[in-house]
Amino acid sequence: MRIFVFATFKLMENNNARREIWLDWLRITACFLVMMTHSAEPFYLGGEGSLILTQADAFWVGFLNVLPRACVALFIFTSSYLQFPLHYSTGEFFRRRASRILIPFIFWSIVYALVWGEPVQNFKDLVFNFNYAAGHLWFVYMMIGLYLIMPLLSPWAEKVGKRELQIYLGIWLFTTTIPLIRQWLGGPAPVIYGPSGIPNAAKYPLWGEASWNSYGLFYYLSGFIGYLLLGLYFRKFVGTMSWKKALGIAVPLFIAGFAICSGGFLHMVMADAKGSFPVEGPVGLAALWEGPWLNDTVGVALMTIAWVLVFRQIRGGGRFYEKVVLPVSKASYGMYLCHMLVLGSVSVWIRSSLGVGENGILGIWTTPVEIFGTALISFCAVALVSVLVQRIPKVGKLIMG
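Please read these numbers as outputs of a predicted model, since none were measured by experiment.

What counts and what doesn't
- Residues numbered from 1 in each chain as written.
- Predicted model: local features only at pLDDT ≥ 70, side-chain atom pairs only at ≥ 80, totals over all residues.
- Heavy atoms only, no water.
- Pairing = 2+ DSSP bridges.
- Helix = DSSP H or I, 4+ residues; strand = E, 2+ residues; numbered from the N terminus.
- Buried < 20%, exposed > 50% of the residue type's maximum accessible area, 1.4 Å probe, protein only.
- Expected span 1.5 Å × (residues − 1).
- Arc of directions from axis to C-beta.
- Contact = heavy atoms within 4.5 Å.
- Core = buried A, V, L, I, M, F, W, Y, C linked by side-chain atoms within 4.5 Å.
- Polar contact = N/O pair within 3.5 Å; in protein donor to acceptor, adjacent residues only side chain to side chain.
- Axes fitted to C-alpha atoms, helices over the stretch in contact; angles between N-to-C directions.
- Parallel < 35°, antiparallel > 145°, perpendicular 65-115°, else oblique.
- Left-handed = near helix turned anticlockwise from the far one by under 90°.

Caption draft 1: Structural context of the sheet that holds strand S1 (residues 45-46). Strand order in the open sheet made by the three strands is S1-S2-S5, with antiparallel pairing throughout. With partners counted over all chains shown, the strands left at the sheet margins are S1 and strand S5 (279-282), one partner each. Strand direction decides the pairing type here: strand S2 (residues 49-52) and S5, joined by four bridges, are antiparallel. By the bridge assignment, Leu-51 is partnered in S5 with Glu-280.

Caption draft 2: Quick look at the environment of Ile-255. In this structure, Ile-255 sits in helix H11 (residues 243-273). The exposed category is assigned to Ile-255, whose relative accessible area is 53%. Here the alpha-carbon distance between Ile-255 and Met-303, two residues 48 residues apart in the chain, equals 7.8 Å.

Caption draft 3: Focus on unusual backbone geometry. Cis geometry is found at the peptide bond from Phe-84 to Pro-85, where omega equals 0°. One non-glycine residue, Trp-207, lies in positive phi territory at about 50°. By the secondary structure assignment, Trp-207 is in the loop between strand S4 (199-201) and helix H10 (225-237). Take Trp-207: its relative accessible area is 40%, and that puts it in the partly exposed class. A positive phi angle is found at Lys-274, which is not glycine, with a value near 55°. Its location among the elements puts Lys-274 in the loop between H11 and S5. On the basis of relative accessible area, Lys-274 is assigned to the exposed category, the value being 69%.

Caption draft 4: Geometry of helix H8 (residues 162-175). Here H8 contains 14 residues, and its C-alpha end-to-end distance of 20 Å stays within 8% of the 20 Å for a straight helix at 1.5 Å per residue. For H8, the complete set of buried residues consists of Leu-165, Leu-169, Trp-172 and Thr-175. In a view along the axis of H8, the buried residues occupy a sector of 105°, so they form one face of it. On its buried face, H8 sits against helix H7 (138-159), helix H9 (178-186), H10 and helix H13 (298-311).

Caption draft 5: Representation of the nonpolar core in the model. Core analysis: the biggest nonpolar cluster contains 110 residues, and Ile-76, Phe-77, Phe-139, Tyr-227, Phe-234 and Trp-289 have the highest contact counts within it. Looking at this core, the element that brings in the most residues is helix H2 (residues 21-40), giving 13 residues. Once residues within four sequence positions are removed from consideration, Tyr-227 is found in contact with Ala-73, Ile-76, Phe-77, Ser-80, Trp-172, Asn-295, Val-300, Ala-301 and Thr-304.

Caption draft 6: Looking closely at the environment of Glu-209. Within the fold, Glu-209 resides in the loop between S4 and H10. Owing to a relative accessible area of 22%, Glu-209 belongs among the partly exposed residues under this scheme. On a C-alpha basis, the gap between Glu-209 and Tyr-219 in space is 9.3 Å, while along the polypeptide they are ten residues apart. Sequence-distant contacts of Glu-209, defined by excluding residues within four places in its chain, comprise Arg-182, Tyr-204, Ser-214 and Gly-216. Polar side-chain contacts of Glu-209 include one of 2.8 Å to the side chain of Arg-182.

Caption draft 7: Structural detail: the packing of helix H4 (residues 71-83) against H13. Interaxial distance between H4 and H13 falls to 9 Å at its minimum, and their mutual angle equals 55°. Put simply, H4 runs oblique to H13. Pair H4 / H13 crosses with right-handed handedness. Between H4, through Ala-73, Leu-74 and Phe-77, and H13, the contact on the second element is made entirely by Thr-304, Trp-307 and Val-308.

Caption draft 8: A look at the pairing of S2. Direction of pairing for S1 relative to S2: antiparallel, over a ladder of two bridges. Counterpart to Gly-46 in the pairing with S2 is Gly-49.

This is the structure in structure tokens:
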């Protein structure tokens, strides 16, 4: 018996040695950051429009909804780090991704269609897009799009040199400044509403773009593909660093990125408030406020790099890693898919219990406690349920990924 236990322990130890432990920590942190982002949304999105009750709430949103803004980029980074370039044939890659990504996505899309809104219309909408009541599901479409081009880029990724990849990453980093350039050149953009009612700001055309052409000079090297390349760069060319060096690079990057995102948001909110709160308007107004912290902007890119530099310093495993971090990491995709079913109810409960804004029972601290509380309670509850469901024989992994 002792020999069996010892052999089992050594096997787990060897598996952990091969596993990128820091990526598990990064993945569950990204999952918590997603929930923190969604926990902050009710404090600038109210009812069917945009609403910030007080100047204090504006600053809390500008802090607590910017702090986690790299969450989606971190998910892409971890996937790229592990999957890109492909380790097996294209057919095998898509077969594995279908069972891991597509089947759980279809399951939870059906659940949201049945639970939120009018089911018949929801199922009609699913033919063309995700259910807008479950807006976080946009992520899966984007990720599948990246998976589709991974086989095309993999031969290049196998051979690319450090300098060449740095040049492409430099071009991509420049594209993350384009949203700020558009705003500077064009001023406040008009908001265009599609059939869904979801707003999109009209873009100031740059470098080949026009009313008849959206595919300008930097179109094909902008957006989320940069995080794909970033994961490749770190895996191939970034070696081990000391804590001092990692923090020496990460802290300035994070501060700069945070300042760009938070400062841009607060600048627009204060301009719209004109010194008086509450400030409110149609939902398109919040879409403009969000501009400085969108995933394709330079502030988010800088914060993403900072998060990665710090988490790469995590080395060891241990009992807490084995019993908590690893199971939650393995269930993180399912957590992302289902968390809004829990988070929305938790948010309503906490806000009804503590009150709203400075009139809440904690005064000026009511809003941050509600944001953190909603995120933490939701994360723990969703993690527990997701880990348990994933362990159900045969069907668990099909549901949670």
